[in-house]
Amino acid sequence: MPEARWKTVILALGWPLVAGTLQGPVHILDRNGKPRPTLKDCVAILEPLDAAVKTPGPRSLLVIRTRDKEFSPRVSLATPGTEVSFPNMDAILHNVFSVTPGNRFDTGHYLPGDAPRVKLVGPGLVKLYCNVHHQMNAFVWVVETPFAQLLEHRQDLRFEQVPPGSYRLRLWHPEAGERTWTVKVEGALTQGSWTLEATLPPVESHKNKFGKDYPPPADETSY
Ligand SMILES: [Cu+2]
């Protein structure tokens, strides 16, 4: 039977065509054009445009600690319905709030050893801040695709078992923002090469949870 007719038969029966792999190097260039040594905090998300991909359910509990006045990890992945816990490992008060539409919350001040929880609802990038410390920021990407990864200490992205079709590839980094590409996955291996430019400050200027400027730090020993 000619190949085209086989394809017609497979489509008519609803069998998935052979899944493939999308792979290739990712570069993050600093302001001076120098590539960063790692892809730490870089997120790659592959969203189907016309491919048949099942939406994942809530992930298991995500834990974001506050330690040395930093959120750790700084960048995480979640799906709608995922719960997040914020254990306070410092000896001072912290707070976590988000004013991101679809995922607004405020834990209130919480004590050393406390671990307030929130549930993430809508998809997209959620920006987390501490109402006490302006310099603290963290990010959670809430995704509706099984194809999402933190690139961390790798040099490339690699998605396996990807059903054939068109996708939106989103690459994001806190200091580069987001860039998107349309990619077509077909055959066993689809390759590409993608670059982000890190031109943003590590902590973007933002207001506190009341929409006001942060007051100057007062008593650094207790807060
Ligand atoms: Cu804090």
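(A) Spotlight on the environment of asparagine 95. In this structure, asparagine 95 sits in the loop between strand 7 (83–85) and strand 8 (97–98). When the 21 C-beta atoms within 10 Å are taken as the criterion, asparagine 95 is described as buried. Each C-alpha atom of the pair asparagine 95 and leucine 128 lies 9.7 Å from the other, and the pair is 33 residues apart in sequence. Beyond its immediate stretch of four places on either side in the chain, asparagine 95 contacts Thr107, Gly108, His109, Tyr110, Cys130, Asn131 and Val132.

(B) Region of interest: the nonpolar core. Core analysis: the largest hydrophobic core is formed by 42 residues, its most contacted members being Leu46, Leu128, Val140 and Trp141. No other element matches strand 2 (residues 39–48), which puts six residues into this core. For this core, the two domains that each supply at least three residues are domain 1 (14–54 + 146–197) and domain 2 (62–142). Beyond its immediate chain neighbours, meaning those up to four positions away, tryptophan 141 contacts Val43, Ile45, Leu77, Leu125 and Ala148.

Criteria and thresholds
- Residues numbered from 1 in each chain as written.
- Predicted model: local features only at pLDDT ≥ 70, side-chain atom pairs only at ≥ 80, totals over all residues.
- Helix = DSSP H or I, 4+ residues; strand = E, 2+ residues; numbered from the N terminus.
- Buried ≥ 20, exposed ≤ 12 C-beta atoms within 10 Å, placed from the backbone.
- Contact = placed C-beta atoms within 7 Å.
- Core = buried A, V, L, I, M, F, W, Y, C linked by C-beta atoms within 7 Å.
- Domains from an automatic or database assignment.

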